[in-house]
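Secondary and tertiary structure notes
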Amino acid sequence: MAEEKPWHAAFPAPRSTAASITREEMLQWMRDGKQPGKDYVLVDVRRNDHEGGTIRGTLNLPAQSLYPSLPTLYNLLSAGGVKVLGGPWD
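The written sequence of each chain sets the order in which its residues are numbered from 1. For a predicted model such as this one, the threshold for reporting local features is a pLDDT of at least 70, and the threshold for listing and counting side-chain atom pairs is 80 or more; totals across whole chains, interfaces and linings nevertheless cover every residue. With hydrogens and water set aside, each side-chain value is computed from the structure's full complement of heavy atoms.

The chain carries the name Rhodanese domain-containing protein in an unreviewed UniProt entry, which gives Aspergillus nanangensis as its organism.

Laid out in structure tokens, this is it:
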């Protein structure tokens, strides 16, 4: 019997690693009054959609839909004026 490949094997390997922040950094942004959609855009990507709850103000995408959604996501964020992807390390 052939070994089953993981679900993500159907997609190309990443060419780079996306910027990330820790849970603590995100919570601090919220405590500091930063507003989702204004001060930052957080894309919540999980294999099991909404497992463990949701994060208020985020774009929620099931992990398996991320790759085919990238062009649309890029266009939406660009049209919305998002200029820098990253965080306080930029």
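**Quick look at the pattern of salt bridges**
Our working definition: A carboxyl oxygen of Asp or Glu within 4 Å of a side-chain nitrogen of Lys or Arg is what we treat as a salt bridge. Each residue is assigned to one of three classes by its accessible area relative to the maximum for its type, calculated with a 1.4 Å probe on protein chains only: buried under 20%, partly exposed between the two thresholds, exposed over 50%.
All chains considered together, the criterion is met by 1 salt bridge. Taking the shortest distance from any N to any O, the salt bridge between Asp44 and Arg46 comes out at 2.7 Å. We classify Asp44 as buried; its relative accessible area is 7%.

**Focus: the layout of surface pockets**
Put simply, the rule reads: A 1.4 Å probe that fits but cannot get out identifies a cavity on a 1 Å grid over protein atoms alone, an open set with protein on both sides within 12 Å along at least five of seven lines counts as a pocket, and a residue lines either if it has an atom within 4 Å of a point. Grid points are joined across faces, edges and corners, and a volume is the space filled by probe spheres set on the points. Any residue that is not Ala, Val, Leu, Ile, Met, Phe, Trp, Tyr, Cys, Pro, Asp, Glu, Lys or Arg is counted as polar, Gly included; the first ten are nonpolar and the last four charged.
Here the second largest pocket defines a volume of roughly 160 Å³. Taken together, Met30, Lys34, Gln35, Pro36, Tyr40, Ile55 and Arg56 make up the lining of the second largest pocket. The class makeup of the residues in the lining of the second largest pocket is 4 nonpolar, 1 polar and 2 charged.

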